[in-house]
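# An overview of the molecular structure
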Amino acid sequence: MESQDKLKLVGALLCVVAGVAGFYLIPEGQGVLRVLAVLAGVAAAGGVVWLSQPGKGFVLYAQDSVAEAKKVVWPTRKEATQMTVMVFVFVFVLALFMWLVDSGLSWLFYDILLKRG
């Protein structure tokens, strides 16, 4: 990363810090103005980061992510419902199996081998 980009990122951090400092410097009675100070600091930081090389790379990454998300084929409501029911059935069967194994091993060890039952 170039030194210019590092300076831009430091400047962005300072913008956020200035926004938060403005929040605490403005009297408590002016809540809207306090929130606007923080939002202005974050917006200024976003603008500074957007002008840096990592910021431009992030924007390209976000655009590619949106394009990939548009390519996703989402299941229909019927398919989603069927898959959800299948998951619940599988979980129930697995829980039943594990309960049977646990009960069987408990009976074997405690009642038969150790004769504590």
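Residues numbered from 1 in each chain as written. Predicted model: local features only at pLDDT ≥ 70, side-chain atom pairs only at ≥ 80, totals over all residues. Heavy atoms only, no water.

Turning to the packing of helix α1 (residues 3–25) against helix α2 (residues 31–50), a few remarks are in order. Packed helix pairs are characterised by how far apart their axes lie and by the angle those axes make with each other. For the pair α1 and α2, the least separation of the axes is 7 Å and the interaxial angle reads 175°. The angle between α1 and α2 falls in the class roughly antiparallel. Along the contact surface, α1 presents K8, L9, A12, C15, V16, G19, V20, G22, F23 and Y24, while α2 presents R34, V35, A37, V38, G41, V42, A44, A45, V48 and V49. Classifying every residue of the contact of α1 with α2 gives 15 nonpolar, 3 polar and 2 charged. (Axes fitted to C-alpha atoms, helices over the stretch in contact; angles between N-to-C directions. Helix = DSSP H or I, 4+ residues; strand = E, 2+ residues; numbered from the N terminus. Parallel < 35°, antiparallel > 145°, perpendicular 65-115°, else oblique. Contact = heavy atoms within 4.5 Å. Nonpolar A, V, L, I, M, F, W, Y, C, P; charged D, E, K, R; others polar.)

Turning to helix α4 (residues 77–113), a few remarks are in order. Note that an α-helix has 3.6 residues per turn; residues three or four places apart therefore point the same way. Over its 37 residues, α4 extends 52 Å from the first C-alpha to the last, a length consistent with the 54 Å expected when each residue adds 1.5 Å. Where α4 terminates, the next one or two residues include K115, which has phi positive at roughly 50°. (Expected span 1.5 Å × (residues − 1).)

Counted by the stated rule, this structure contains 1 salt bridge. Residue E68 pairs with K71 through a salt bridge whose shortest N-O separation is 3.2 Å. Residue E68 and its partner K71 are located together in helix α3 (residues 53–71), separated by 3 residues, close to a single helical turn. On the accessibility criterion, E68 (47% relative accessible area) is partly exposed. Taking the relative accessible area as the measure of exposure, K71 reaches 59% and is therefore exposed. (Salt bridge = Lys/Arg side-chain N within 4 Å of Asp/Glu carboxyl O. Buried < 20%, exposed > 50% of the residue type's maximum accessible area, 1.4 Å probe, protein only.)

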